[in-house]
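Understanding the architecture of this molecule
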Amino acid sequence: MKSKTSSVLAALLASALIVRLIFGLAQDPVAPFERQGGDSWWYLVNGDALVSGRSPDDVNVDPSRLPTPPGYLLLLGGAQALFGPSAEAVIAVRVVQAALSTLICWCGWRIAYRLTGREAVGLLAALLLTVSPAFIIESASILSETLYMALLALGLTASVELIARALAEAQHAAGMRQAALAGAWFGLAALTRAPILLFPVGIAVHLLIVFGLRRGGRRALIMLAVYAAVVSTWTFYNAARWGRWVIAADGFAAFLYVGATGWQGPQAVDERLGSTDGGASDQQFIDAAAQSITADPLAYVRRRSLELVEAFLQPHGTVFFGGESLRDLALRWLREDRSLDGLLAVIRADAFAQKALLYLFHFGALLFGLVGVWRTRRNWRLSLILIGFIVYTLLVHLFLLALPRYLFPTALCWILFAAAALPVNFRYNSR
């Protein structure tokens with residue numbers, strides 16, 4: 001990498017880290033412990049119980065029945081083991097997540113550069129990720145997305161490097177190392193968010209298509225072997241300690257049920273199943289989901305399709321600012337009002353500018369991303385990795401619960417394609 005490019009990239013990464021630290025440290029470090037219906041306090045309590053064995057007297061915490069993978073819980077539990085269940089632990093996690101979010105920016109630069117062969121596109125991708133408000137906001141959230149996306153980005157980077165180096169240099173040893181790295185990063189990602197569980201199988205198939213059965217088979221086998229070894233650590237731990245058989249997570253049945261019947265909160269789910277405190281078994285969830293689907297298949301298809309489309313079109317991060325939904329206000333004005341005064345009322349709504357910026361980045365990434373998909377079609381060996389992750393995530397959440405937060409990891413791929421939509425006659429002068 002040439003010196004000027006290195007300097008610009010270093011400045012972008014430093015800016016990304018500083019912005020995320022400023023934003024994260026400005027947030028209330030005690031708020032995540034408050035039980036306001038979100039997932040933050042649940043992660044904190046269960047992470048502390050998993051690592052230190054502590055739990056509040058008024059909360060039923062049983063690490064042997066965790067429905068989620070352990071990755072993010074271990075991060076939170078480790079911070080609380082050092083600082084106790086305190087504001088200092090949350091501050092430490094936010095500092096770590098600021099660094100992880102900055103790492104995502106570096107991965108975005110590397111993937112975009114490999115995808116297009118242009119330094120300008122790589123730097124633009126890093127810039128977009130640096131200033132993206134959704135990524136900045138998420139880095140301060142006590143939720144698993146930032147850790148998951150950092151591990152995912154590392155896995156995607158290793159996969160892209162594997163193919164790019166093999167095509168350009170035909171280095172056998174480098175290809176094997178990158179395959180092992182991809183398997184390790186994807187394995188850690190699956191131990192943070194389980195829906196990615198089958199995605200590495202798709203990468204393995206892609207390697208067979210690109211390199212053929214012999215060359216691709218060796219790389220695919222190494223990647224899957226390392227991936228399985230990493231994921232199996234949680235399986236063996238559960239089996240040895242609690243006699244429980246689990247691969248990455250144990251919540252798929254519940255998400256399938258919620259996807260079939262809708263989500264109105266944990267208490268509503270318990271009431272529908274006749275259970276208490278989330279005590280329903282996987283078989284109960286599956287049976288209830290099957291009953292709901294077979295009772296009205298067309299309604300199920302309609303519900304899943306509409307929920308996925310709504311989650312896809314809704315920018316992630318708007319709920320951070322509270323107030324009435326900007327989308328609902330705009331639709332109400334369009335359907336019922338259409339007056340200038342009504343439009344001004346929408347503009348004067350709570351956090352309008354911040355939410356509008358999130359919408360601008362979201363739909364800009366989607367629209368320019370589609371252009372980038374077309375422009376990178378000749379480098380399909382690399383672009384299919386990113387396209388594959390987008391399609392895979394959408395298909396998974398077509399059946400499971402779909403929320404903007406769950407689809408947010410695809411924003412990384414959309415932003416990289418948006419950067420690739422840069423006019424072809426633009427060149428970055430690195431001399």
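Further up the page is the structure itself.
Anyway, here's the lowdown on the structure attached to this text. It should be emphasised that the depicted structure is a prediction, and the values quoted were computed from it without experimental measurement.

1. Some points on the overall build of the protein
Along the protein, the regular secondary structure elements total 19 helices and 0 strands. The C-alpha atoms of the protein give 22 Å as radius of gyration, which agrees with the globular expectation for 431 residues (22 Å, within 12%). Seen along its three principal axes, the alpha-carbon backbone of the protein occupies a region of about 65 × 65 × 50 Å. When burial is assessed residue by residue, the protein has 50% of its 431 residues classed as buried. Sequence-distant contacts, at least 24 apart, represent 78% of the contacts inside the protein between residues at least 6 apart.

2. Considerations on the pattern of salt bridges
Side chains that differ in charge, positive against negative, can pair when their charged atoms come close. A full pass over the atoms with the stated rule returns 8 salt bridges. Ionic pairing is found between Glu-145 and Arg-405, a salt bridge with its closest N-O pair at 3.0 Å. Of the two residues, Glu-145 sits in helix H7 (residues 145–169) while Arg-405 sits in helix H18 (residues 404–407), which places them 260 residues apart along the sequence. Residue Glu-145 is classed as buried on the basis of its relative accessible area, which comes to 0%. For Arg-304, the salt bridge is made with Glu-307, and the minimal N-O distance between the two is 2.8 Å. Here Arg-304 and its partner Glu-307 are both found in helix H13 (residues 297–313), 3 residues apart, which amounts to about one turn of the helix. Overall, the relative accessible area of 1% leaves Arg-304 in the buried class.

3. As for the nonpolar core
Within the largest apolar cluster, 98 residues are counted, with the highest numbers of intra-cluster contacts made by Phe-135, Leu-156, Phe-186, Ile-196, Phe-199, Leu-386 and Leu-412. With 15 residues, the single largest contributor to this core is H7. Aside from chain neighbours lying at most four places away, what touches Phe-135 is Arg-20, Ser-101, Ile-104, Leu-129, Met-149, Phe-408, Ala-411, Leu-412 and Ile-415. Within the second largest apolar cluster, 10 residues are counted, among which are Ala-253, Tyr-257, Ala-289 and Leu-401.

4. Focus on helix H16 (residues 352–375)
Spanning 24 residues, H16 covers 34 Å between terminal C-alpha atoms, matching the ideal 34 Å at 1.5 Å per step. Packed against the buried residues of H16 are helix H6 (133–139), H13, helix H14 (326–337) and helix H19 (410–420).

5. Some words on the packing of helix H10 (residues 252–261) against H13
Where H10 contacts H13, the two axes come as close as 8 Å, and the packing angle between them is 105°. One finds that H10 runs roughly perpendicular with respect to H13. Of H13, the residues touching H10 (which contributes Gly-259, Ala-260 and Thr-261) are Tyr-300, Arg-303 and Arg-304. Of the residues contributing to the contact of H10 with H13, the split by class is 2 nonpolar, 2 polar and 2 charged.

6. Observations regarding a nonpolar patch on the surface
On the surface, Leu-198, Val-201, Val-205, Ile-209, Trp-380 and Leu-384 cluster together into a nonpolar patch covering about 540 Å² of accessible area. Considering every element that reaches the nonpolar patch, the biggest residue donor is helix H9 (residues 199–242), with 3 residues. Along the chain, the position of Leu-198 falls in the loop between helix H8 (172–190) and H9. Overall, Leu-198 belongs to the exposed group, its relative accessible area being 58%.

Thresholds, definitions, all that
- Residues numbered from 1 in each chain as written.
- Predicted model: local features only at pLDDT ≥ 70, side-chain atom pairs only at ≥ 80, totals over all residues.
- Heavy atoms only, no water.
- Helix = DSSP H or I, 4+ residues; strand = E, 2+ residues; numbered from the N terminus.
- Rg over C-alpha atoms; globule rule 2.2 N^0.38 Å.
- Buried < 20%, exposed > 50% of the residue type's maximum accessible area, 1.4 Å probe, protein only.
- Contact = heavy atoms within 4.5 Å.
- Salt bridge = Lys/Arg side-chain N within 4 Å of Asp/Glu carboxyl O.
- Core = buried A, V, L, I, M, F, W, Y, C linked by side-chain atoms within 4.5 Å.
- Expected span 1.5 Å × (residues − 1).
- Axes fitted to C-alpha atoms, helices over the stretch in contact; angles between N-to-C directions.
- Parallel < 35°, antiparallel > 145°, perpendicular 65-115°, else oblique.
- Nonpolar A, V, L, I, M, F, W, Y, C, P; charged D, E, K, R; others polar.
- Patch = residues over 30% accessible without salt bridge, like charges linked within 9 Å, V, L, I, M, F, W, Y side chains within 5 Å.
- Areas by Shrake-Rupley, 256 points an atom, 1.4 Å probe, with all protein chains shown as cover.

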